[in-house]
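Each chain is listed here by its residues.
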Amino acid sequence: MLVYLQCNKSIKNMNIINTLNIHTVNFINGRKGTYRVVIKCPAGFYTIKEIEDFNGVKNGAGYESPAEILSWYKKGSLATIEFKANDASHFLTVFAMKGKKCVIIDEDIMAGLTVGAINQYWIDTNLYSQLQYSVVNANNWTCKAFVMNAA
């Protein structure tokens, strides 16, 4: 069995371990900014929502990681996440699904993604992989799915 490992040391001294060969980008890179999500509503059409205060500047409810956005919406409804840094003028795609396949994901999202979020919301996609979990020593739902966990 051929296993593809992609490691990147650019995120806060964390190594991203990606045995799934999902294309990664590094647009967020720890910066603050605005997120835009494309979700499929129950009627079947797509709608867009902007999250301007993700880091809690106005309401004091900052979030730990952009990966938390993946668990805010009903299973199967999130299609795309875009990010615009505070010093930028346009949005860049940081997470995209094509059917049941994740085709692009940002390294900051991967670094914060837990086994529990994948098992609860993304189990029928290519994000779910027991091989991936075993490579990073994930043994419960709170473990990170793409970052090495303590043995």
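Preceding this section is the structure that the text describes.
Description of the structure in this document. (Residues numbered from 1 in each chain as written. Predicted model: local features only at pLDDT ≥ 70, side-chain atom pairs only at ≥ 80, totals over all residues. Heavy atoms only, no water.)

Topic: the overall build of the chain
Here is step 1: From N to C terminus, the chain includes three helices and six strands.
Here is step 2: Overall, the chain shows an N-to-C arrangement of helices and strands of β-β-β-β-β-β-α-α-α.
Here is step 3: Considering the chain as a whole, with its 151 residues, one finds that 46% of them fall into the buried category.
Here is step 4: Sequence-distant contacts in the chain: of pairs separated by 6 or more residues, those separated by 24 or more amount to 55%.
Here is step 5: Carbon and sulfur atoms provide 52% of the accessible area of the chain, an area that totals close to 8300 Å². (Helix = DSSP H or I, 4+ residues; strand = E, 2+ residues; numbered from the N terminus. Buried < 20%, exposed > 50% of the residue type's maximum accessible area, 1.4 Å probe, protein only. Contact = heavy atoms within 4.5 Å. Areas by Shrake-Rupley, 256 points an atom, 1.4 Å probe, with all protein chains shown as cover.)

Some points on unusual backbone geometry
Most peptide bonds take the trans form, and the phi angle of most residues other than glycine is negative.
Here is step 1: The phi angle at Asn29 is positive, at roughly 50°, despite the residue not being glycine.
Here is step 2: With respect to the helices and strands, Asn29 occurs in the loop between β1 (23-25) and β2 (33-40).

Re the side chain of Glu82
Here is step 1: With respect to the helices and strands, the residue Glu82 is situated in strand β4 (residues 78-85).
Here is step 2: By relative accessible area, which is 17% here, Glu82 ends up buried.
Here is step 3: Glu82 has contacts with Thr34, Tyr35, Arg36, Phe91, Leu92, Thr93 and Val94, leaving out every residue within four places of it along the chain.

A closer look at the pattern of salt bridges
Here is step 1: This structure, assessed with the given rule, holds four salt bridges.
Here is step 2: Among the salt bridges present, the one from Arg36 reaches Glu50, with a minimum N-O distance of 3.8 Å. With Arg36 in strand β2 and Glu50 in strand β3 (residues 46-51), the pair connects residues that are 14 residues apart, well separated along the chain. (Salt bridge = Lys/Arg side-chain N within 4 Å of Asp/Glu carboxyl O.)

Concerning the packing of aromatic side chains
Here is step 1: Tallied over the full model, the rule gives three aromatic pairs.
Here is step 2: Aromatic pair Tyr35 and Phe83: ring centres 4.9 Å apart, planes at 50°, arrangement tilted. Of this pair, Tyr35 sits in strand β2 while Phe83 sits in strand β4, placing them 48 residues apart in sequence.
Here is step 3: With a centroid separation of 5.5 Å and 70° between ring planes, the pair formed by Phe95 and Trp122 is classed as edge-to-face. Here Trp122 lies in the loop between α2 (115-121) and α3 (130-135) and Phe95 lies in strand β5 (residues 92-98), a separation of 27 residues in the sequence.
Here is step 4: By relative accessible area, which is 0% here, Phe95 ends up buried. (Phe/Tyr/Trp six-rings, centres within 6.5 Å; stacked < 30°, edge-to-face > 60°.)

Examining the nonpolar core
Here is step 1: Judged by nonpolar contacts, the single largest core of 37 residues is most densely connected at Leu78, Ile81, Phe95, Ile105 and Leu127.
Here is step 2: When residues of this core are traced back to their parent elements, those giving at least two are β2, β4, β5, β6 (101-106), α1 (107-112) and α2.
Here is step 3: For this core, the leading source of residues is β4, giving four residues.
Here is step 4: Ile105 has contacts with Ile22, His23, Thr24, Val25, Val94, Phe95, Met110, Leu113 and Leu127, leaving out every residue within four places of it along the chain. (Core = buried A, V, L, I, M, F, W, Y, C linked by side-chain atoms within 4.5 Å.)

Some remarks on the pairing of β3
Here is step 1: As paired strands, β2 and β3 are joined by six bridges and run antiparallel to one another. Note that in β3 the partner of Lys40 across the bridge is Tyr46.
Here is step 2: Hairpin connection from β2 to β3: five residues lie between these consecutive antiparallel strands, with Gly44 at a positive phi of about 105°. (Pairing = 2+ DSSP bridges.)

Remarks on the sheet that holds β1
Here is step 1: The strand order β1-β6-β5-β4-β2-β3 describes an open sheet built from six strands, whose pairing is mixed. The open sheet has two edge strands with one neighbour each: β1 and β3. Strand-to-strand, the axes of this sheet are offset by a mean angle of 15°, without reference to chain direction.
Here is step 2: Sheet topology places β5 next to β6; four bridges connect them, and they run antiparallel. Note that in β6 the partner of Lys98 across the bridge is Lys101. (Axes fitted to C-alpha atoms, helices over the stretch in contact; angles between N-to-C directions.)

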